[in-house]
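Below, each chain spelled out in residue letters.
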Amino acid sequence: MILLALCLLAQSQADQELQKQLEKAIQADQQQTQQGQPANPPAPPAAVTGSTGTVPQTLMRGAQSLNPDISAILDATMGWQRRAPQFLNGDDPNLHGDTAHALGFTAQEVEVAASAVVDPYFKGEVYLTIANLSGLEVEEAFATSTSLPWNLQVKAGSFRSAFGRQNGQHLHVQDFTRRPLINAAFLGDDGLRGPGAQVSWLAPLPFFLTFYAEALSVSNAPASIDGPLPEPVKSFGANVAQRPTLTAEAKFFLPFGEEWSLYGGLNFASGESPGLSVASGGTMGAGRQTQLFGADVYVKWKPANVAQTYGSVAFQAEVVVRHLAAGDGLADDWDGGAYGQAVVQFARRWFVGARGDLIGLPASSVTARTARGAVDLTFQGSEFMRIRAYAELEKGNISFADQSVGMLLPAVQPSWAPALFFQLEISIGAHGAHPF
Amino acid sequence: MIALIAVLHVVSSIQTLGSLAKEVGGDRIEVESLAKGYQDPHFVEAKPNLMLVLNRADLLVYVGLELEIGWLPPLVLGSRNPKIQVGEPGNLDCSQQIPVLDVPTVRVTRAMGDIHPLGNPHYWLPPQNARIIAREIEERLVLLDPDGRAAYQKNLAAFEARVARKEKEWGGIAAKLRGMKIATYHKSWTYLSQWLGMEEIGYVEPKPGIPPDPQHLVRLIAAMKEEGARLLLMENFYNKSVASLVAEKAGAKLLVLPTDVRAEPSITDWVTLVEAVLKQLAAAA
């Protein structure tokens, strides 16, 4: 009720503002007319369309094409940061600083997407990405089956795992300029993705419950500690030739009336960690059997007709706990992290969000406790354009569980790291709708 | 013979199409709708529970012309239902035989707003289009359930007769509205205007889906005054504040009209939907 009241209040203030502007504009218009100047011309007709007749039908037929839907999305970002973040995701804005401050611009991501129905059996989707102008990558390229029986669906190719909520989403679906810390810390700086296959099954129940199983050939190198900032130790990616990364997920959805939605998931992944390379050469912790346990929840309040209030609220949280078995010089270890965020739409085109991240809960020999708080303000000019202001404050290196091992890793300096970004996101072409 | 248990499960994107399917399918089908009649059909949330609804469908009927492009495709894919995928007999785009209006005659760009490149998808109010939809549905139901052919044909004939009776009944109202100048909020009343001979002289949205700025509204108000447009039509799922302000300044009346079955509890089928629209128009004319 409080949320509804706030949205209505914001709406009514916007209305009052428009009324004032309209009164002013009408007054100016009348003055112009009295002074003999030409008044505003009448509202223009819809010049782009034929209003009647069957001629356009031929145009429709002419517009038929077997080309896939093609789109491109650009995230252009400028910003300032006191130092580079320790957990930098591939599609985070990279200003190329390390321990020194950085100020500049980046094309945070250019995504080119193509999608189409392949035949009566598959839909195909390809997403190429250039993050921070650093080379072309296949973010995803996969086929999804459309005609399997028994509520089964198969996805094959290279794709983002269904592990958790944010991992499966592309940058332009994120509510913040940077992905959460758990992404780079546990799932991989490009998220948990790679070539593989997925089978999913929609349970025939009165509520939505889907199970997923995946095998992915994830490949990662040992984390380097040569630089001024320690790289996060990857959960998976060692021994790619013999040991695929395996995952299992369950996702459920419960609507509460028309306004409230609860979408949640339980996630598991298993593989081998590549560990870290040490100054003396060689590795530590390479080939450790690793398991990730995760849970995610997404709660949304949005009236059936958002246009009545232009208000909505979405809460999202994920938690990941990692188990690294003993091996290659390191003892059995547990670490984990979580984030929680809230995004509020308070006017037709405006959203405000806040997110809190905590990594190293518990802290382990390879993961220091790091905390981050972020706020953002997003102006959605249209369905195809967003401008976002984003500010964050990171506190790194709060503690290591095992100081003796922690000493191997360089301490993040300075530990307090504020950053500020302005992000412009545009989408051109036909881009497919996103799932809830 | 009346089927005691429905043979086909039909899911519609909007409730009007479900209602038309029910007219034709009668007791042989059961119908569910994804969007509610009081929702903006452009912006339905693709909630996963709707995949479950589609998972059980034998036939999906939808408006097409990309009205539902923002939410229906991921639901159909996620439904894991081979019967309703595009190209299958259980997938019926109801716009196939509709004489589509507002088809762009120049190359479209999004500088024109949220324009529908294939033409205006808000076509289900005029009787001639309701007939086309009903016939399309009847053909598809026969294909999926040949045993019901006689029942579907009989139901279709009864519906068409009812529409014909209603058209005569509505003739007086239509005559009264012919030539009337109106403004509308969104460019979604084209088919109604063409059917009734009303002339649209402007829109509150400067471009489809783009919120108005004061300068545009001043021009619209001036045009409404100059042209003598006494009515401003708006769907009941939009916020009234801007439209009522424009209507007040232009000396016009704001009509908040339903566009879908169950937009209001009393609107139970296509006939009561059209009647509700016409009655309000007639009372305000």
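Structure first, text after, so check above.
Structure report, in brief.

All names here are of chain A. On the surface, a nonpolar cluster with roughly 650 Å² of combined accessible area is contributed by Met-78, Trp-80, Leu-103, Phe-105, Leu-420 and Phe-422. Those elements giving two or more residues to the nonpolar patch turn out to be strand E1 (69–81), strand E2 (102–119) and strand E18 (416–429). Taking relative accessible area as the criterion, Trp-80 reaches 33% and is therefore assigned partly exposed.

Attention shifts here to the interface of chain B and chain A. Tallying the contact residues gives 65 residues for chain B and 70 residues for chain A. Counting the surface lost from both chain B and chain A, the interface buries some 5600 Å², and carbon and sulfur atoms represent 60% of this. Between Lys302(A) and Glu45(B) there is a salt bridge, with its nearest N and O atoms 3.8 Å apart. If you look at where chain B meets chain A, you find 13 residue pairs in polar contact (both at pLDDT 80 or more). The set of elements that each furnish at least two residues to the side of chain B that touches chain A consists of helix H2 (48–55), helix H3 (72–78), helix H6 (190–196), helix H7 (214–227) and helix H8 (240–250) of chain B. Here the residues of the side of chain B that touches chain A sort into 36 nonpolar, 16 polar and 13 charged.

This part takes up the packing of aromatic side chains. A ring pair, where both rings are aromatic, is described by two values, the distance of the centres and the angle of the planes. Residues and elements named next belong to chain A. The final tally for this structure, using the stated rule, is 19 aromatic pairs over all chains. Measuring from ring centre to ring centre gives 6.4 Å for Phe-208 and Tyr-263, while their planes differ by 65°; the resulting arrangement is edge-to-face. Placement of the pair is Phe-208 in strand E7 (residues 208–216) and Tyr-263 in strand E9 (residues 260–273), with a sequence separation of 55 residues. Neither residue differs from the other here; Phe-208 and Tyr-263 are each classed as buried. A centroid spacing of 5.4 Å and a plane angle of 50° characterise the contact between Phe-268 and Phe-293, whose relative ring orientation is tilted.

Residues and elements named next belong to chain B. Note that His-216 resides in helix H7. Note on His-216: relative accessible area 4%, which makes it buried. Side-chain polar atoms of His-216 contact the backbone oxygen of Tyr-203, separated by 2.7 Å. Setting aside residues no more than four positions away along its own chain, His-216 makes contact with Tyr-203, Val-204, Glu-205 and Pro-206.

Residues and elements named next belong to chain A. Its place among the elements puts Gly-164 in the loop between strand E5 (152–160) and helix H3 (181–187). On the accessibility criterion, Gly-164 (4% relative accessible area) is buried. Taking the C-alpha atoms as reference points, Gly-164 and Glu-318, separated by 154 residues in sequence, lie 7.0 Å from one another. Excluding anything up to four places from it in sequence, Gly-164 contacts Lys-251, Asn-267, Asp-296 and Glu-318.

What follows is about empty space enclosed by the protein. A probe matching the size of a water molecule, rolled over the atoms, marks out where space remains unfilled. Evaluation of the coordinates by the stated rule reveals five cavities of 30 Å³ or more. Here the largest cavity defines a volume of roughly 110 Å³. What lines the largest cavity is a set of 13 residues, and nearest its centre among them are His122(B), Trp124(B), Leu125(B), Ser188(B) and Thr259(B). Ranked by residue count, the leading element in the lining of the largest cavity is H6(B), at three residues. When grouped by side-chain class, the residues that make up the lining of the largest cavity number eight nonpolar, four polar and one charged. The residues that make up the lining of the largest cavity include at least three from each of domain 1 (8–162) and domain 2 (179–283) of chain B. One number sums up the size of the second largest cavity: a volume of about 70 Å³. Every residue lining the second largest cavity is listed: Gly90(A), Asp91(A), Glu109(A), Thr129(A), Ala131(A), Glu137(A), Glu139(A), Arg160(A), Asp189(A), Asp190(A) and Arg193(A). Broken down by secondary-structure element, the contributors of at least two residues to the lining of the second largest cavity are strand E3 (122–131) and strand E4 (136–145) of chain A. Among the residues forming the lining of the second largest cavity, the class breakdown is one nonpolar, two polar and eight charged.

Rules used throughout
- Residues numbered from 1 in each chain as written.
- Chains lettered and ligands numbered in written order.
- Predicted model: local features only at pLDDT ≥ 70, side-chain atom pairs only at ≥ 80, totals over all residues.
- Heavy atoms only, no water.
- Patch = residues over 30% accessible without salt bridge, like charges linked within 9 Å, V, L, I, M, F, W, Y side chains within 5 Å.
- Areas by Shrake-Rupley, 256 points an atom, 1.4 Å probe, with all protein chains shown as cover.
- Salt bridge = Lys/Arg side-chain N within 4 Å of Asp/Glu carboxyl O.
- Helix = DSSP H or I, 4+ residues; strand = E, 2+ residues; numbered from the N terminus.
- Buried < 20%, exposed > 50% of the residue type's maximum accessible area, 1.4 Å probe, protein only.
- Contact = heavy atoms within 4.5 Å.
- Buried area = accessible area lost by both parts, 1.4 Å probe.
- Polar contact = N/O pair within 3.5 Å; in protein donor to acceptor, adjacent residues only side chain to side chain.
- Nonpolar A, V, L, I, M, F, W, Y, C, P; charged D, E, K, R; others polar.
- Phe/Tyr/Trp six-rings, centres within 6.5 Å; stacked < 30°, edge-to-face > 60°.
- 1 Å grid on protein atoms, 1.4 Å probe; cavity = no way out; pocket = protein on both sides within 12 Å on 5 of 7 lines; lining within 4 Å.
- Points joined across faces, edges and corners; volume = space filled by probe spheres on them.
- Domains from an automatic or database assignment.

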